[in-house]
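# Notes for the structure review
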Amino acid sequence: MADEQAHLVAVIGAGPAGLFATRALAALGARVVLINRDVKPGGLAEYGIFLNKYKMKGGLRRQFQKILSDPRVTYLGHVTVAERGDLTVPDLAGMGFDALVFAIGAQGTKYLGIEGERLPSVYHAKDLVYHYNRLPPFSERPFPMGRRVAIVGVGNVMVDIANYCAHFCDVDEVIAVARRGPHEKAYDDREFEDVEDAFDHALYREELERVRPRLEAAGQSTDELLTALATRGEPSPRARTRLRFRFLASPRRVIAEGGRVVGLEVEETRLERKGDRVAAVGTGLTSVIPCDTVVFAVGDRVDEHAGLPYRDGLYLTVPGDDPAAPYQVLDENAGKARPGVYVVGWARKASDGVVGRARLDAETGIKHVAAFLAGRPKRPLADAERTVEALRRTLAERGAVVVDYPAVQRLEAAERARASADKVEEFKFASDREMLEQLRG
Ligand SMILES: Cc1cc2nc3c(=O)[nH]c(=O)nc-3n(C[C@H](O)[C@H](O)[C@H](O)COP(=O)(O)OP(=O)(O)OC[C@H]3O[C@@H](n4cnc5c(N)ncnc54)[C@H](O)[C@@H]3O)c2cc1C
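This structure is a prediction, so every number in the text was calculated from the model and none was measured. (Residues numbered from 1 in each chain as written. Predicted model: local features only at pLDDT ≥ 70, side-chain atom pairs only at ≥ 80, totals over all residues. Heavy atoms only, no water.)

## A word on the pattern of salt bridges
Per the counting criterion, the structure on display carries 41 salt bridges. The residue Arg210 makes a salt bridge to Glu268 at a minimum N-O spacing of 3.3 Å. Residue Arg210 is located in helix H8 (residues 201-217), and its partner Glu268 is located in strand E12 (residues 260-274); the two are separated by 58 residues in the primary sequence. The closest approach of N and O atoms between Glu267 and Arg252, which form a salt bridge, is 2.6 Å. Here Glu267, found in strand E12, pairs with Arg252, found in strand E11 (residues 249-257); they are 15 residues apart in sequence, far enough to count as distant. (Salt bridge = Lys/Arg side-chain N within 4 Å of Asp/Glu carboxyl O. Helix = DSSP H or I, 4+ residues; strand = E, 2+ residues; numbered from the N terminus.)

## Points about the site of the ligand
As a structural note, the neighbourhood of the ligand is formed by 31 residues, with Asn36, Asp38, Leu44, Val81 and Trp346 the closest of them. A distance of 2.8 Å separates an oxygen atom of the ligand from a polar side-chain atom of Asn36. Here a nitrogen atom of the ligand and a backbone polar atom of Arg37 are 3.0 Å apart. When isolated, the ligand has an accessible area of 1,000 Å², and the protein chains bury 94% of it. (Near = heavy atom within 4 Å. Polar contact = N/O pair within 3.5 Å; in protein donor to acceptor, adjacent residues only side chain to side chain. Areas by Shrake-Rupley, 256 points an atom, 1.4 Å probe, with all protein chains shown as cover.)

## Overview of the packing of helix H12 (residues 405-421) against helix H13 (residues 432-440)
In contact at an axis separation of 10 Å, H12 and H13 are set at 100 degrees when each is read in the N-to-C sense. Relative to H13, the element H12 lies roughly perpendicular. Each of Ala407, Arg410, Leu411 and Ala414 in H12 lies in contact with H13, whose residues at this interface are Met435, Gln438 and Leu439. Considering only residue class, the contact of H12 with H13 consists of 5 nonpolar, 1 polar and 1 charged. (Axes fitted to C-alpha atoms, helices over the stretch in contact; angles between N-to-C directions. Parallel < 35°, antiparallel > 145°, perpendicular 65-115°, else oblique. Contact = heavy atoms within 4.5 Å. Nonpolar A, V, L, I, M, F, W, Y, C, P; charged D, E, K, R; others polar.)

## Considerations on the environment of Arg348
Within the secondary structure layout, Arg348 lies in the loop between strand E19 (336-343) and helix H10 (355-373). Taking the C-alpha atoms as reference points, Arg348 and Gly48, separated by 300 residues in sequence, lie 18 Å from one another. In contact with Arg348, other than residues within four places in its own chain, are Leu314, Pro326, Tyr327, Val343 and Asp361. Polar contacts involving the side chain of Arg348 include one to the side chain of Asp361, which spans 2.7 Å.

## What to know about the pairing of strand E13 (residues 277-290)
Pairing of E12 with E13, which is carried by 11 bridges, proceeds in the antiparallel orientation. By the bridge assignment for E13, Leu271 is matched with Ala280. Hairpin geometry of E12 and E13 is characterised by an intervening segment of 2 residues between the two adjacent antiparallel strands and by a positive phi of about 65 degrees at Gly275. (Pairing = 2+ DSSP bridges.)

## Quick notes on helix H6 (residues 156-168)
The end-to-end C-alpha distance of H6, which contains 13 residues, comes to 17 Å, matching closely the 18 Å that a straight helix rising 1.5 Å per residue would cover. Buried within H6 are the following residues: Met158, Val159, Asp160, Ile161, Ala162, Asn163, Tyr164, Cys165 and Ala166. In this structure, the buried residues of H6 make contact with helix H5 (125-132), strand E8 (148-152), strand E9 (173-177), helix H7 (189-192), strand E10 (242-246) and strand E14 (293-296). (Expected span 1.5 Å × (residues − 1). Buried < 20%, exposed > 50% of the residue type's maximum accessible area, 1.4 Å probe, protein only.)

## A look at the nonpolar core
Side chains that are nonpolar tend, in soluble globular proteins, to be buried together. Ranked by size, the top nonpolar core spans 48 residues in total, and within it Met145, Ile151, Met158, Phe245 and Val295 carry the most contacts. Those elements that place two or more of their residues in this core are H5, E8, H6, E9, H8, helix H9 (223-230) and E10. Looking at which element gives the most residues to this core, the answer is H6, with 7 residues. Beyond its immediate chain neighbours, meaning those up to four positions away, Met145 contacts Tyr123, Leu128, Tyr164, Cys165, Cys169, Val171, Thr293 and Val295. (Core = buried A, V, L, I, M, F, W, Y, C linked by side-chain atoms within 4.5 Å.)

## Some thoughts on unusual backbone geometry
Following Pro136, the chain continues into Pro137 via a peptide bond in cis, with omega recorded as 0 degrees. Note that Pro137 resides in the loop between H5 and E8. Phi is positive for Ser121, close to 70 degrees, though the residue is something other than glycine. When you line up the elements, Ser121 lands in the loop between strand E6 (108-109) and strand E7 (122-124). Judged by relative accessible area, Ser121 falls into the partly exposed class, the value being 22%.

## Side note on the sheet that holds E7
An order of E7-E14-E8-E9-E10 is seen for the 5 strands of this open sheet, with the pairing classed as parallel. Unpaired on one side and paired on the other, E7 and E10 mark the two borders of the sheet. For this sheet, the mean angle separating the axes of adjacent strands, direction not counted, is 20 degrees. In this sheet, E14 lies alongside E7 in parallel orientation, the contact comprising 3 bridges. Counterpart to His124 in the pairing with E14 is Phe296. Strands E8, E9, E10 and E14 of the sheet are contacted by H6, whose axis makes an angle of about 170 degrees with E8. On top of the sheet, H8 reaches E9 and E10; it is set at about 5 degrees to E10, its chief contact.

Next comes the structure, spelled out in structure tokens:
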């Protein structure tokens, strides 16, 4: 309708948090521009959730499709907002949006600061996960896996990487390395079922006996774990890969000989109760876990070059008890909120939970955005459209090749056609170049 009025909001990042934020904003009647670094939307729902969880990915894609087909939503894919991006935060702030919602996930790498962390054959989980899920440019780089892979961390991402090693690579042994003990494991048992066939019970029992004195010194039972193990199905005798654990081991350095990784040096730890927490404390004793590949699955940090105020792996938000505060980006000079600038999802709390959690966080954030918008006048929809057009012009002038949602749909149709021709469950173009060529063709 010619006289319709709306607020105009830019959401940056089209992972689950950005998409569900977009849905909540559109439901409020806002006109939304959704800007995404990757050509295709979905973020880690597309490029993180494990390779063969087709049903889960398909269900999410259908929800996302509905959000992106809303006429109030404009998707601008293959556009990065960053200090050196196609757009900067000040660019967007100067374009006249009523609010900016950053949902750009946690794209930074959490380095432990140990020697050898950047050697070849040492990977950070996110990069490897992006690689096997075919996200450019990670899909274009080789990530060779050796025969003995040490994975640092014992969360669900470790399970995914172990699954990849056991079922998609030629790996003899996977060693999951934990600073603390078996009682502090962070993965879900349901997720672990995916690697149960490779889980070596005899080696697990052996490891529990090795750490028994240190667990008991912290008041933890080993027998409980052994009893629980006895109720689990036996591993498959046909399993190609052995999955074992190394508990109470804190990584100290990656050891290489002639440029090739040969081991992970760890410091033995013991457990100490600190309030509700059980902490790992170094004992000074070191040992070496022989391996030729190391994967750090220890969570991520946000991208410090996105152009938002940053400290210690997180974007700075407003301190204080106001429920809106943790969603409001801080203006460091003024010591208060940057009006209308918000952060949601993994961009707000890096590596925090599953898609459902990201959705809830986005929806909560948008409630605070809605309260902010309620104090601002709406504008005629025609004005909002002019701003969207001006944004498109700016991007074109800067040479950005923007992929809109109809183009994404054409791309997805081409990928489905390839998958069906190749008789495979899924096909993804491996580079932005291939995707853009497909669209031009
Ligand atoms: C290995 C792994 C496996 C997982 N498996 C599951 C699972 O099985 N089930 C489940 O429910 N959850 C799973 N999760 C968790 C789930 O993926 C996250 O909860 C969720 O994706 C977080 O959403 P987000 O939108 O905050 O971030 P992301 O999904 O990371 O999305 C961020 C988006 O922002 C875009 N972006 C980044 N930087 C910029 C920029 N500078 N400018 C513009 N756009 C930018 C990216 O292109 C991306 O689309 C998994 C996570 C990982 C890492």
